[in-house]
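Close look at the chain arrangement
Each chain, written out:
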Amino acid sequence: MEEKSCHLLVLYASQTGNAMDAAERVGREAECGGCPSVQVLPIDRFEASCLPDEEIVIFVVSTTGQGDIPDSMKVFWRFLLQRNLSNQWLEGLHYAVFGLGDSGYQKYNFSAKKLDKRLSDLGAKPLIEKGLGDDQHPSGYEGALDPWLLSLWKMLNTVHPNILPRVSDIMDPSKRSLDHAKIEVIYHSSDKMQPDLLTAYDLEILEKVIESACSMSPAQFHYHDKKPQYLLQLITNQRLTNVDHSRDVRHFEFEASSNVIDYQVGDVLEILPSQNPAAVDAFIQRCNLDPNCYITVKARDTEKQSIYKSIKSLVRPIKLKNFVELTMDVASASPRRYFFEVMSFYATAEHEKERLQYFASPEGMDDLYQYNQRERRTVVEVLEDFPSVQMPFEWLVQLVPPLKTRAFSISSSPSVHPNQVHLTVSIVSWTTPFKRTRHGLCSSWLAGLDPFKSCVVHIPAWITRGSLPPPPPSLPLILIGPGTGCAPFRAFVEERALQNLTRSTSPILFFFGCRNQSVDFLYKNFWVAQAQDDGVLSADKGGGFFVAFSRDQPQKIYVQQKMKEESKGIWSLLSSGAAIYIAGSSTKMPADVTSTLEEIIAVESGMSKESAARWLRLLEKAGKFFIEAWS
């Protein structure tokens, strides 16, 4: 028993890499505190049936989509839900749960909350209250992780004094040491390499370069398939909002360069964006790297080597510059705190070392937020601010934020636009407190592409299932999609209009919202046409199209008000078996719209608000209430 209590197991379930980063920090701090045995594992590499054999387990889990558990956790979670497990199955286990989520979503940190309850139900004892990291916090999830870890180490030291014999060292920056990077970079002689240029017109070569880069990236889980499903060409780049309007929303149309695009309405298109070539060159020059040398990248970590072995056939040496361009976000994402800690070990100027150590400490968290996250400083900018730092490329590969795919709801029907896919995208830009203008990487890059230029840009893309399943023609629909939330519903309405030509279809009520009728009424002509005559949104078909212009009058009007005005029609359609689909910004809209629906159901049916909320939950369980939201 004494020997077993010296072992600390950290299991993480990550969808985008944040939970892995947090779990590795838990492991590093435990080692710093003198823990004799620390193991950090992805949850899908641990056999759930062995959980009773452990004494102390720390879980770090993210929540994805609309309260969903990460893909890597699904097998583990199904095992825990087995009915034959007794309430004493885990009575010897002490555990702690830290969740990563976004409070802008209704099911905030749902995975962590469910896991915490289930472990407790099975007899495990929590060391401390679950921690809930929030993307909305100024410092991101670390704003909650810092105090949570402090409480965890104090409690562990009380319950198991022998597990952290040097617990005070965890909070002492001078006691920290730097191990080797978890990444190994192998350099190859360029004489033996074939010139696979990223600008090559041979699409097969381009696909292989992207596949190899994504396969070698430490953040492989960002890519559903290492090889792009499609290489798309932009054929339409149309601004939907007025040119003089501050908000720039675009309609993009793409075609596949070779194979046929296969998708259904409600699907999501994920795009791997291109970075500014000047920024990539600046990073390579600042780090004294050779852009034309050929490299392969693999894990030193024995736990992760098996992953690399499984994809070894996909890996071929590629140019360092291509690897940076395709996998390392050097010019839009801000580095995490550990980046500053590692930098401090390589700073040769004493004042830089002291400042970096301060930024990496809990005391410096607020100042780091002001310097880094609030200004959205990029990796290139941070490195330029600390010129004495020369980090080995292995550490840069490990710590530079991964270049992530960007996901967009598809706004076209494949039946109406064969071999095309359309997107409705808000071009992101903002000004920082120090008056720096920042631009969203993917949206700004797409907006800058000219489909009529002779030089064709091939866009790596993947299609995945979204949160909005395609409805059958016989299903009545209530759609609520303000702003760019209308994107998936343009696809729904297009498809139903085509179905309506050959068969009987059920009605659709669509509630849309924007600021002004004259400047940002997205797809106005399309909606109005479908609301007239025999269109699928017309009153003659039992449907309706209702728009809230929030700024066209002194009193702001939102979709919720329009919904209340049509409460009888909404309840009538719900009573006939309609499904509800909501899409748009995750900030307040989904919660406000859901609350309005509960109010409408309560008023029109005569039931209480609590009963109306339960009625909606049953609708969700029946597969007739869906939300797709984005921050």
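Residues numbered from 1 in each chain as written. Predicted model: local features only at pLDDT ≥ 70, side-chain atom pairs only at ≥ 80, totals over all residues. Heavy atoms only, no water.

1. Things to note about the overall build of the chain
Helix and strand counts for the chain stand at 20 helices and 22 strands. For a compact globule of 631 residues, the expected C-alpha radius of gyration is about 25 Å, and the chain comes in at 26 Å, within 12% of that figure. Overall size of the chain, expressed as C-alpha extent along the three principal axes, is 75 × 65 × 50 Å. Every one of the 631 residues in the chain was classed for burial, and the buried ones make up 55%. Taking the contacts inside the chain whose residues are at least 6 apart along the sequence as the reference set, 78% of them involve residues at least 24 apart. For the chain, the accessible area works out to roughly 27,700 Å², and carbon and sulfur atoms hold 49% of it. Of the charged side chains in the chain, 66 are positive and 75 negative; the average position of the first set lies 2 Å away from that of the second. (Helix = DSSP H or I, 4+ residues; strand = E, 2+ residues; numbered from the N terminus. Rg over C-alpha atoms; globule rule 2.2 N^0.38 Å. Buried < 20%, exposed > 50% of the residue type's maximum accessible area, 1.4 Å probe, protein only. Contact = heavy atoms within 4.5 Å. Areas by Shrake-Rupley, 256 points an atom, 1.4 Å probe, with all protein chains shown as cover. Lys, Arg positive; Asp, Glu negative; His and termini not counted. Charge placed at Lys NZ, Arg CZ, Asp CG, Glu CD.)

2. Some remarks on the UniProt feature "binding site: FAD" (unreviewed entry) in the chain
Look at the UniProt record and you will see "binding site: FAD" (unreviewed entry) annotated at R376, R406, A407, F408, S409, G440, L441, C442, S443 and W630. These annotated residues cover 255 residues of sequence, and their C-alpha atoms sit far apart, with the largest distance between any two at 25.7 Å. Not counting the four nearest positions on each side in its chain, S409 is found in contact with D267, H422, L423, A487, P488, E628 and W630. A polar side-chain atom of S409 sits 2.5 Å from a polar atom in the side chain of E628. Inspection of the secondary structure assignment puts L441 in helix α14 (residues 441-447). What makes L441 buried here is its relative accessible area of 16%. The residues contacting L441, other than those within four sequence positions of it, are P273, S274, Q275, D329, S332, L403 and R406. (UniProt positions renumbered as here; feature names shortened; annotations may be inferred. Polar contact = N/O pair within 3.5 Å; in protein donor to acceptor, adjacent residues only side chain to side chain.)

3. Side note on the UniProt feature "binding site: NADP(+)" (unreviewed entry) in the chain
The UniProt record annotates "binding site: NADP(+)" (unreviewed entry) at T484, S550, R551, K556, I557, Y558, V559, Q560 and D592. Along the polypeptide, K556 turns up in the loop between β20 (544-549) and α17 (559-565). On the basis of relative accessibility, which here comes to 41%, the residue K556 falls in the partly exposed class. The residue I557 is located in the loop between β20 and α17 in this model. When residues no more than four places from it in sequence are discounted, the contact partners of I557 are A548, F549, S550 and K562.

4. A word on the packing of aromatic side chains
In total, this model carries 25 aromatic pairs according to the counting rule given. Aromatic pair Y358 and F359: ring centres 6.3 Å apart, planes at 35°, arrangement tilted. Using a relative accessible area of 35% as the deciding quantity, one classes Y358 as partly exposed. Owing to a relative accessible area of 3%, F359 belongs among the buried residues under this scheme. Ring plane angle 20° and centroid distance 6.2 Å describe the contact between F521 and F545, whose orientation is recorded as stacked. In this pair, F521 sits in the loop between β19 (508-514) and α16 (524-530) while F545 sits in strand β20, placing the two residues 24 residues apart along the sequence. Given a relative accessible area of 16%, F545 falls into the buried group. Across from the ring centre of Y371, 5.1 Å away, lies the NZ or CZ of R355, which sits over that ring. Of note, R490 hangs over the ring of Y523, and the distance from its end group to the ring centre comes to 4.8 Å. (Phe/Tyr/Trp six-rings, centres within 6.5 Å; stacked < 30°, edge-to-face > 60°. Lys NZ or Arg CZ within 6 Å of the ring centre and 35° of its normal.)

5. Some thoughts on the pairing of β20
With respect to burial, β20 is a largely interior element, 6 of its 6 residues being buried. Of the two faces of β20, both are covered, the one formed by G544, F546 and A548 as well as the one formed by F545, V547 and F549. One ladder, built from 6 bridges, connects β19 with β20; its direction is parallel. Counterpart to F510 in the pairing with β20 is F545. (Pairing = 2+ DSSP bridges.)

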